[in-house]
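Here are the chains, one letter per residue:
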Amino acid sequence: MTEPSPPADPAFPRSKEEFDSVESYQMPLMEHLRELRRRLIAAMIALTIGVVIALVFVDDIWAFLVKPMNDALKTSGRGSMGVTGVLEAFMTQLKVAGLAGAMMASPVLSWQIWRFVAPGLYPNEKRMVVPLVFSSTALFLGGAAFAYAVIFQFAFPFFIEIAPDDVEHLIKIENYLGLATRLLLAFGASFQLPVVVFFLARAGLIDARDMWQFIRYAIVGIFIISAMLTPPDLLSPLLMAAPMTVLYFIGIVVARIFSTKERLPEG
């Protein structure tokens with residue numbers, strides 16, 4: 001009986017030794033489940049510690065998160081933040097602590113995921129994980145920082161000033177937290193575009209030529225997605241579409257470097 005040969009993959013050239021080392025590693029189902037349980041327990045412990053730490057500093061975290069809206073309200077002199085329910089302030093603090101705790105625990109959560117999936121990866125694939133994780137994390141944080149520093153600073157004053165002069169704003173802190181969270185997550189996720197392009201290019205599904213050919217449709221799609229993910233005004237979708245368009249061009253460069261798509265000779 002012949003031994004299996006390594007799969008041909010120009011993106012991750014593998015030697016027979018690498019192929020055999022992975023193929024020979026066969027973990028029983030129960031061992032997989034035990035390993036998964038260990039990783040989940042470690043992740044839950046890290047998440048709990050993060051939430052407890054966040055609860056200690058929840059007032060400072062909330063003050064930082066709500067500062068753009070408070071500044072906009074103070075400048076306009078036409079409203080304030082408030083609560084309309086007995087439990088609203090308490091539940092909002094718990095949500096803030098949960099989100100902040102998850103962010104603080106994210107390195108440990110990522111490490112546990114890595115330890116669980118690493119045995120099934122080839123050595124060359126493992127070497128690609130660390131740069132990808134750093135790139136993805138940096139892009140997500142960059143998107144969230146862009147939302148806080150740009151979208152919050154321009155959109156919130158616009159929302160307040162556009163109301164009639166005789167309207168006094170009473171903004172529920174629960175509603176504000178939901179809006180701020182959606183914007184931060186939406187911009188963080190949208191900034192993952194180069195990482196998505198990397199995986200598609202590595203899989204041989206797209207290359208730089210494909211992205212150039214569909215650039216008009218891509219830009220239209222970017223504006224549609226921006227309109228869906230941002231509040232219903234004219235400013236926010238434009239502010240989101242601009243960096244995503246830049247990231248699309250960066251994705252073209254990524255596809256040119258890493259694509260494994262094979263094209264038939266023209267002519």
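I will try to describe carefully the structure that is included in this document.

1. Focus: helix 9 (residues 215-229)
1) Next: Compared with the 21 Å implied by 1.5 Å per residue over 15 residues, the 21 Å span of helix 9 between its first and last C-alpha is a close match.
2) Next: All buried positions along helix 9 are accounted for by Ile-215, Ala-218, Ile-222 and Ser-226. Seen from one end, helix 9 has its buried residues packed into an arc of 75 degrees, which puts them on one side. Helix 9 presents Arg-216, Tyr-217 and Met-228 as exposed residues on the side facing more than 90 degrees away from its buried surface.
3) Next: Next to the buried residues of helix 9 lie helix 8 (208-213) and helix 10 (235-258).

2. Description of the pattern of salt bridges
1) Next: The tally for this structure, following the rule as stated, stands at seven salt bridges.
2) Next: Lys-67 is paired through a salt bridge with Asp-71; the nearest N and O atoms lie 2.8 Å apart. Pair noted here: Lys-67 and Asp-71 are both in helix 3 (residues 58-76), with a separation of four residues, about one helical turn.
3) Next: Assessed through its relative accessible area of 45%, Lys-67 is described here as partly exposed.
4) Next: A salt bridge links Asp-210 to Lys-261; its shortest N-O distance comes to 2.7 Å. With Asp-210 in helix 8 and Lys-261 in the segment after helix 10, this residue pair connects regions lying 51 residues apart in the sequence.
5) Next: Since its relative accessible area comes to 10%, Asp-210 is described here as buried.

3. Quick notes on the layout of surface pockets
1) Next: What the largest pocket holds in volume is close to 1,200 Å³.
2) Next: Ala-102, Met-103, Ser-106, Phe-140 and Leu-141 are the residues nearest the centre of the largest pocket, which is lined by 32 residues in total.
3) Next: Going through the elements one at a time, helix 3, helix 4 (88-117), helix 5 (123-161) and helix 6 (173-190) are the ones with two or more residues in the lining of the largest pocket.
4) Next: Broken down by element, the lining of the largest pocket gets its largest block of residues, 13 residues, from helix 4.
5) Next: Looking at side-chain class alone, the lining of the largest pocket contains 27 nonpolar, five polar and no charged residues.

4. Some points on a nonpolar patch on the surface
1) Next: A cluster of nonpolar side chains, Leu-29, Met-30, Leu-33, Leu-36, Leu-40, Ile-113, Phe-116 and Val-117, forms an exposed patch at the surface whose accessible area comes to about 740 Å².
2) Next: For the nonpolar patch, the secondary-structure elements that each account for two or more residues are helix 2 (29-56) and helix 4.
3) Next: The biggest single contributor to the nonpolar patch is helix 2, with five residues.
4) Next: Residue placement: Val-117 occurs in helix 4.

5. Brief notes about helix 7 (residues 193-202)
Residues that lie three or four places apart on an α-helix share one face, since the helix turns once every 3.6 residues.
1) Next: Of all the positions in helix 7, only Pro-194, Val-195, Val-197, Phe-198, Ala-201 and Arg-202 are classed as buried. Along the long axis of helix 7, the arc covered by the buried residues comes to 160 degrees, so they all point the same way.
2) Next: The inward-facing, buried residues of helix 7 abut helix 5, helix 8 and helix 10.
3) Next: The positive-phi residue at the C-terminal boundary of helix 7 is Gly-204, with phi of around 75 degrees.

6. Digging into the packing of aromatic side chains
Two aromatic rings are characterised by how far apart their centres lie and by the angle between their planes.
1) Next: Enumeration according to the criterion identifies 13 aromatic pairs in this entry.
2) Next: Their ring planes at 15 degrees and their centres at 4.5 Å tell us that Phe-64 and Tyr-148 sit as a pair that is stacked. Of this pair, Phe-64 sits in helix 3 while Tyr-148 sits in helix 5, and the two are 84 residues apart along the sequence.
3) Next: Here Tyr-148 falls in the buried class, since its relative accessible area comes to 15%.
4) Next: Taking the centre distance of 6.0 Å and the plane angle of 65 degrees together, the rings of Trp-212 and Phe-249 count as edge-to-face. Linking Trp-212 in helix 8 with Phe-249 in helix 10, this pair joins segments that are 37 residues apart in sequence.
5) Next: Judged by relative accessible area, Trp-212 falls into the partly exposed class, the value being 45%.
6) Next: Judged by its relative accessible area of 36%, Phe-249 is partly exposed.
7) Next: Ring pairs connect the aromatic residues Trp-62, Phe-64, Tyr-148, Phe-152, Phe-156, Phe-158, Phe-159 and Tyr-176, which therefore count as one cluster.

The rules we used
- Residues numbered from 1 in each chain as written.
- Predicted model: local features only at pLDDT ≥ 70, side-chain atom pairs only at ≥ 80, totals over all residues.
- Heavy atoms only, no water.
- Helix = DSSP H or I, 4+ residues; strand = E, 2+ residues; numbered from the N terminus.
- Expected span 1.5 Å × (residues − 1).
- Buried < 20%, exposed > 50% of the residue type's maximum accessible area, 1.4 Å probe, protein only.
- Arc of directions from axis to C-beta.
- Contact = heavy atoms within 4.5 Å.
- Salt bridge = Lys/Arg side-chain N within 4 Å of Asp/Glu carboxyl O.
- 1 Å grid on protein atoms, 1.4 Å probe; cavity = no way out; pocket = protein on both sides within 12 Å on 5 of 7 lines; lining within 4 Å.
- Points joined across faces, edges and corners; volume = space filled by probe spheres on them.
- Nonpolar A, V, L, I, M, F, W, Y, C, P; charged D, E, K, R; others polar.
- Patch = residues over 30% accessible without salt bridge, like charges linked within 9 Å, V, L, I, M, F, W, Y side chains within 5 Å.
- Areas by Shrake-Rupley, 256 points an atom, 1.4 Å probe, with all protein chains shown as cover.
- Phe/Tyr/Trp six-rings, centres within 6.5 Å; stacked < 30°, edge-to-face > 60°.

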